[in-house]
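A closer look at the structure
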Amino acid sequence: MSLTTAAAQAPTTRAAHAPTAQASAVHPGTAPAAATPADARRHDLAAFLRSRRERLTPEQVGLPPTGRRRTPGLRREEVAQLAAVGVTWYTWLEQGRDIQVSTQVLDAVCRALLLDPSERAHLFTLAAAEDPAPVYECPSVTPSVRLVLEQMAPYPAGVINTRYDVLAYNAQYTAIVGDLDALPPEDRNLMWLAFTPSRFREVLVDHETERNVMVARFRAAMADHGSEPGWKSLVTRLQKASPDFAQAWQRHDVARPGNGLKRFLVPGVGMLHCEYTNFWLGPRLGSRMITYTPRDERTRELMELLPRKS
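Residues numbered from 1 in each chain as written. Predicted model: local features only at pLDDT ≥ 70, side-chain atom pairs only at ≥ 80, totals over all residues. Heavy atoms only, no water.

1. Remarks on the sheet that holds strand 1 (residues 157-160)
What counts, and what does not: One bridge is not enough; two strands pair if DSSP finds at least two bridges between them. Secondary structure is summarised from DSSP: a helix means a run of H or I of at least four residues, a strand means a run of E of at least two, and numbering begins at the N terminus for each. Between N-to-C directions, angles span 0 to 180 degrees; the directions come from axes that are lines fitted to C-alpha atoms, helices contributing only their stretch in contact.
Reading across from one edge, 2-1-5-4-3 is the order of the 5 strands in this open sheet, with antiparallel pairing throughout. Edge strands, defined here as strands with exactly one partner in the open sheet, are strand 2 (166-169) and strand 3 (260-266). Each neighbouring strand pair of the sheet contributes to a mean axis angle of 30°, computed without reference to strand direction. Bridge count between strand 3 and strand 4 (residues 270-280): 7 bridges; the pairing is antiparallel. If you follow valine 266 over to strand 4, its bridge partner there is glycine 270.

2. As for the packing of helix 4 (residues 76-83) against helix 5 (residues 87-94)
Let me state the cut-off plainly: Crossings are classed by handedness, with left-handed meaning an anticlockwise turn of the near helix from the far one by less than a right angle and right-handed meaning a clockwise turn. Every residue pair with non-hydrogen atoms within 4.5 Å of one another is taken to be in contact. Think of it as three bins: nonpolar holds Ala, Val, Leu, Ile, Met, Phe, Trp, Tyr, Cys and Pro, charged holds Asp, Glu, Lys and Arg, and polar takes everything else, Gly as well.
Direction vectors running N to C along helix 4 and helix 5 enclose 115°, while the axes themselves pass 9 Å from each other. Handedness of the helix 4/helix 5 crossing: right-handed. In contact with Arg76, Glu77, Val79 and Ala80 of helix 4, helix 5 contributes Val87, Tyr90, Thr91 and Glu94. A breakdown of the residues in the contact of helix 4 with helix 5 according to their chemical character gives 4 nonpolar, 1 polar and 3 charged.

3. Some details on empty space enclosed by the protein
This is how it is decided: Buriedness for pockets is judged along seven lines, at least five of which must meet protein on both sides within 12 Å for an open set on the 1 Å grid over protein atoms alone, while cavities are sets there where a 1.4 Å probe fits but cannot get out, and lining residues have an atom within 4 Å of a point. Grid points are joined across faces, edges and corners, and a volume is the space filled by probe spheres set on the points.
For the structure on display, the rule yields 1 cavity of 30 Å³ or more. Its boundaries defined by the atoms lining it, the largest cavity holds a volume of some 150 Å³. Along the wall of the largest cavity there are 15 residues; nearest its centre are Tyr164, Arg217, Lys262, Tyr276 and Ile290. Among the elements of the structure, helix 12 (207-222), strand 4 and strand 5 (288-294) are those that each provide at least two residues to the lining of the largest cavity. Top element by residues in the lining of the largest cavity is helix 12. It accounts for 4 residues. Classifying every residue of the lining of the largest cavity gives 9 nonpolar, 2 polar and 4 charged.

4. So, unusual backbone geometry
Stated precisely, the cut-off is as follows: Partly exposed residues are those whose accessible area sits between 20% and 50% of the maximum for their type, while under 20% is buried and over 50% is exposed, using a 1.4 Å probe and protein chains only.
Cis geometry marks the peptide bond from alanine 153 to proline 154, where omega comes out at 10°. Here proline 154 lies in the loop between helix 8 (143-151) and strand 1. A positive phi angle, near 55°, is found at alanine 128, a position not held by glycine. Tracing the chain through its elements places alanine 128 in the loop between helix 7 (117-126) and helix 8. Phi at tyrosine 164 is positive, roughly 70°, even though this residue is not glycine. The exposure class assigned to tyrosine 164 is buried, which follows from its relative accessible area of 6%.

5. Brief notes about the packing of aromatic side chains
Let me state the cut-off plainly: Aromatic pairing here means that ring centres of Phe, Tyr or Trp (its six-membered ring) are within 6.5 Å. Orientation follows from the plane angle: under 30 degrees is stacked, over 60 is edge-to-face, and everything else is tilted. Whether a charge lies above a ring is judged from NZ of Lys or CZ of Arg, which has to be within 6 Å of the ring centre and within 35 degrees of the ring normal.
Counted according to the given criterion, the structure contains 8 aromatic pairs. A centroid spacing of 6.4 Å and a plane angle of 35° characterise the contact between tyrosine 173 and tyrosine 292, whose relative ring orientation is tilted. With tyrosine 173 in the loop between strand 2 and helix 9 (174-177) and tyrosine 292 in strand 5, the pair connects residues that are 119 residues apart, well separated along the chain. Tyrosine 292 matches tyrosine 173 in its accessibility class, with the two residues each being buried. Consider the rings of tyrosine 276 and tyrosine 292, whose centres lie 6.3 Å apart with planes at 50°: the pair is tilted. Here the residue tyrosine 276 occupies a position in strand 4, and tyrosine 292 occupies one in strand 5, the gap between them amounting to 16 residues. Overall, tyrosine 276 belongs to the buried group, its relative accessible area being 6%. An aromatic cluster of three or more residues is present, and its members are Tyr169, Tyr173, Phe264, Tyr276 and Tyr292. A cation over a ring is seen here: lysine 262 above tyrosine 276, with NZ or CZ 3.8 Å from the ring centre. Lying over the aromatic face of tyrosine 164, arginine 288 brings its terminal NZ or CZ to 5.7 Å of the ring centre.

Encoded structure:
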């Protein structure tokens, strides 16, 4: 869309959403309307855009220098030109006005302002819009995380992602889930192990109740990944392999991740009464370390019997 065309269209688009002067006026003796959360968010969005615009120079974005400027940074019309949107529309956006914002235009503004992934995510959050190209957390496990897993001994601990793929674990964790190294990569998933014959399903005492909780949390997490082939493929595999999963999936129950209690009856060791705790490895609810710690002194003693080497 050309700059001229966008600018010409912007007032028409705004007219449908802008309050008239008569409607906006506050009558004598009446209190002004209280600010809403949406108002505050638009105010923050406006301030954020101005701060990002003012830190850039024409040279950084490929524009020719224009000599000394009265104010730092780019001009609004230059950002509008770089993003291929109307100057009037972008001005309204920076003023915090209540206008309709498409994800495509927000994406163009992000690129025009050279926003990094954190800044981009912040802009889409303030605009109350879904990012069409979100940056997902890298699934790799760092050496420092692996060292923490080892130091958790004798308590079982593992790292999983939101899809329940097991990414790393200590030796004690294998007493619960089995020898993951012996499984193909696509089967190293707690959802798969919970609904198909496995050591994990055998030792998880309350597996029917626990599986329903897992399905609810899995469905809630999938809301952000529904179009990704890996997630859809796992659901399809589970539906074919387990009528129990298919039935639970059809209930559309959802739940947020959380901490809780689990019981494991481990052959050669005994009944473990555990409290599990999630430690997220990033600022978002992505990959997390799960630790299983004893709820009582007997479980503490039994955990000393768990394998020291995987």
